[in-house]
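Summary of the model geometry
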Amino acid sequence: MAWTNYQRTLALLQVITGSFNTLSVKYADRQVVLGEDGQLRHFDHPFMQSAFMFLGEALCFVAFKILYYYYNRQGDGSVDNNPLTKGSRIFSPFILLVPALCDMCATSIMYIGLNMTYASSFQMLRGSVIVFTGMFSIGFLNRKLGAREWTGIAFVITGLAFVGASDILTMEDNDMSTNSVITGDLLIILAQVITAVQMVVEEKYVGEQDIPALQAIGWEGIFGFIGISIAMIPLNYISAPPPFADNSRGTLEATEEALVEIGSNGNLLIAIIGIAFSIAFFNFAGISVTKEMSATTRMILDSVRTIVIWAFSLALRWQSFHYMQLIGFAILLIGMACYNNIVIPQLVRKCRCRLGRHTSSRNEDRIINTAADDVQETI
């Protein structure tokens, strides 16, 4: 079935805004700004970046309200039929608090890791969420994984090993320390453990509520923004050495310094605005793709986003090319395809069917030939 123009637009919007979001975060990390102590250093404020990301997610709530009032005023029942607004509106927003807190912790840790490693590796390593989601589904959702899922998990783990190895082999060409890259990669994988918890909680408690997805993301953005804003108060007083923190105060976060740096650097301001708005449009596009097409299509488009981020990182010379990362990415794609029952399992089944038909045909030929030989011997 061919895609409509609307579906093509959504797919393109998801790939562009998703890629732009990750590249904006990395671009902000690479900006050299003047700190409060008069020293030039890279913009290293992952928690402030998380705050702006949640602010972008909160914009989804505003978008939902606008769409809701627009369709509701039409009075033709479209508010209950439109995929962006239909769903239960009788629920407690606080059931989204736990997923929001998980998202807050995971995003902050991922942004710390992104500051230490490469943007392409950041996106590829996020594929490890499949491993942890599968494990937690067994323990908390009483789900049984089949051979296809276990095969997919095995491929994902193998692909992650190749990606990690390529990071270590290429860091010398990019003036990055071994400890920084390895720590960044491990932090990103750790964040996926928290993200997997978030997914399991959402499936177990939120999915049953039939909450409009745009509204759910909006509430998570509101809770996340409030949570990270409160968390940044003690983070401004907790000391941390590089590479975990690199600001004039020597603390995990320096909110006042970050705001001054953003206000005094046009490129940095554009990157921060890009982070907020791109995540809002990315979530909108992702939700719409899931509703208009399928979650499988959304996953495939997310893989395309990885290729775009990798291509830009190489073009901008943020990292060097290494064939092991290409191998790792290919294995990751095979693993995700197996786990989500895309292409690979179908190809395997077709090959088995063809092999079975070929074997059956050969057996029939043998039986016919044997029968003919018996007849000739009898004659």
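Here the structure is shown first, and the text comes after it.
All values derive from a computational prediction rather than experimental measurement. (Residues numbered from 1 in each chain as written. Predicted model: local features only at pLDDT ≥ 70, side-chain atom pairs only at ≥ 80, totals over all residues. Heavy atoms only, no water.)

Turning next to the overall build of the chain. Per the secondary structure count, the chain includes 13 helices and two strands. Residues classed as buried in the chain amount to 47% of the 379 residues present. The contacts of the chain with a sequence gap of at least 6 include a subset with a gap of at least 24, amounting to 78%. (Helix = DSSP H or I, 4+ residues; strand = E, 2+ residues; numbered from the N terminus. Buried < 20%, exposed > 50% of the residue type's maximum accessible area, 1.4 Å probe, protein only. Contact = heavy atoms within 4.5 Å.)

Tracing the backbone through its elements, the reader meets Gln49 in helix H2 (residues 46-74). There is a polar contact of 3.5 Å between the side chain of Gln49 and the backbone oxygen of Val25. (Polar contact = N/O pair within 3.5 Å; in protein donor to acceptor, adjacent residues only side chain to side chain.)

This part covers helix H6 (residues 147-170). Across its 24 residues, H6 extends 35 Å between first and last C-alpha, which sits within 8% of the 34 Å expected from 1.5 Å per residue. Taken as a whole, H6 has its buried residues at Glu149, Gly152, Ile153, Val156, Gly159, Leu160, Val163, Ser166, Asp167 and Thr170. Looking at the buried positions of H6, the neighbouring elements they touch are helix H4 (119-125), helix H5 (129-140), helix H7 (178-206) and helix H12 (323-339). (Expected span 1.5 Å × (residues − 1).)

Counting 56 residues, the largest nonpolar core has Phe43, Phe47, Leu268 and Leu332 as its most contacted members. Of all the elements, helix H3 (residues 97-116) adds the most residues to this core, at eight residues. The residues touching Leu332, leaving out its near neighbours within four places in the chain, are Met124, Val156, Gly159, Leu160 and Val163. Among the nonpolar cores identified, the runner-up in size contains nine residues, and Phe64, Tyr68, Leu214 and Ile287 belong to it. (Core = buried A, V, L, I, M, F, W, Y, C linked by side-chain atoms within 4.5 Å.)

Scanning the entire structure with this criterion turns up three salt bridges. Across the pair Arg41 and Asp37 runs a salt bridge, and its minimum N-O distance is 3.0 Å. Residue Arg41 is classed as buried on the basis of its relative accessible area, which comes to 15%. By relative accessible area, Asp37 is classed as partly exposed at 37%. Salt-bridge contacts for Arg41 lead to Asp246; the nearest nitrogen and oxygen are separated by 3.4 Å. Here Arg41, found in strand S2 (residues 40-42), pairs with Asp246, found in the loop between helix H8 (213-235) and helix H9 (255-264); they are 205 residues apart in sequence, far enough to count as distant. Since its relative accessible area comes to 30%, Asp246 is described here as partly exposed. Among the ionic contacts, a cluster of salt bridges with common partners joins Asp37, Arg41 and Asp246. (Salt bridge = Lys/Arg side-chain N within 4 Å of Asp/Glu carboxyl O.)

Counted at 1.5 Å a residue, the expected span for H3 with its 20 residues is 28 Å, and the 29 Å between its end C-alpha atoms agrees. Summarising burial for H3: 16 of the 20 residues are buried, a large majority.

Attention shifts here to the state of the cysteines. Tallied over the entire structure, the rule returns zero disulfides. Cys102 takes part in no disulfide bond, and the closest cysteine sulfur, belonging to Cys105, lies 6.9 Å away. (Disulfide = S-S within 2.5 Å.)

The subject of this paragraph is the packing of aromatic side chains. Counted according to the given criterion, the structure contains nine aromatic pairs. Seen from their ring centres, Tyr70 and Tyr71 are 5.1 Å apart, and the 70 degrees between their planes marks the pair as edge-to-face. We classify Tyr71 as buried; its relative accessible area is 18%. An aromatic cluster is present here, built from Phe61, Phe94, Trp219 and Phe223 joined pairwise through their rings. The residue whose ring lies beneath Arg249 is Tyr237, and the NZ or CZ to ring-centre distance is 5.5 Å. (Phe/Tyr/Trp six-rings, centres within 6.5 Å; stacked < 30°, edge-to-face > 60°. Lys NZ or Arg CZ within 6 Å of the ring centre and 35° of its normal.)

Another point: a nonpolar patch on the surface. There is a patch of nonpolar side chains on the surface, built from Leu59, Val62, Ile66, Leu269, Ile273, Phe277 and Phe281 and spanning about 620 Å² of accessible area. Looking at the nonpolar patch, the elements that each hand over two or more residues are H2 and helix H10 (266-292). Top contributing element to the nonpolar patch by residue count: H10, with four residues. By secondary structure assignment, the location of Leu269 is in helix H10. The class of Leu269 is partly exposed, set by a relative accessible area of 37%. (Patch = residues over 30% accessible without salt bridge, like charges linked within 9 Å, V, L, I, M, F, W, Y side chains within 5 Å. Areas by Shrake-Rupley, 256 points an atom, 1.4 Å probe, with all protein chains shown as cover.)

Of note in this structure, Arg317 is not a glycine but carries a positive phi near 60 degrees. As for its position among the elements, Arg317 is in the loop between helix H11 (295-315) and H12. Note on Arg317: relative accessible area 73%, which makes it exposed.

Turning to the packing of H3 against H7, a few remarks are in order. Contact geometry of H3 with H7 gives a least axis separation of 8 Å together with a crossing angle of 165 degrees. With respect to their mutual orientation, H3 and H7 come out roughly antiparallel. The hand of the H3/H7 crossing is left-handed. In the contact of H3 with H7, the residues fall into 18 nonpolar, seven polar and two charged. (Axes fitted to C-alpha atoms, helices over the stretch in contact; angles between N-to-C directions. Parallel < 35°, antiparallel > 145°, perpendicular 65-115°, else oblique. Left-handed = near helix turned anticlockwise from the far one by under 90°. Nonpolar A, V, L, I, M, F, W, Y, C, P; charged D, E, K, R; others polar.)

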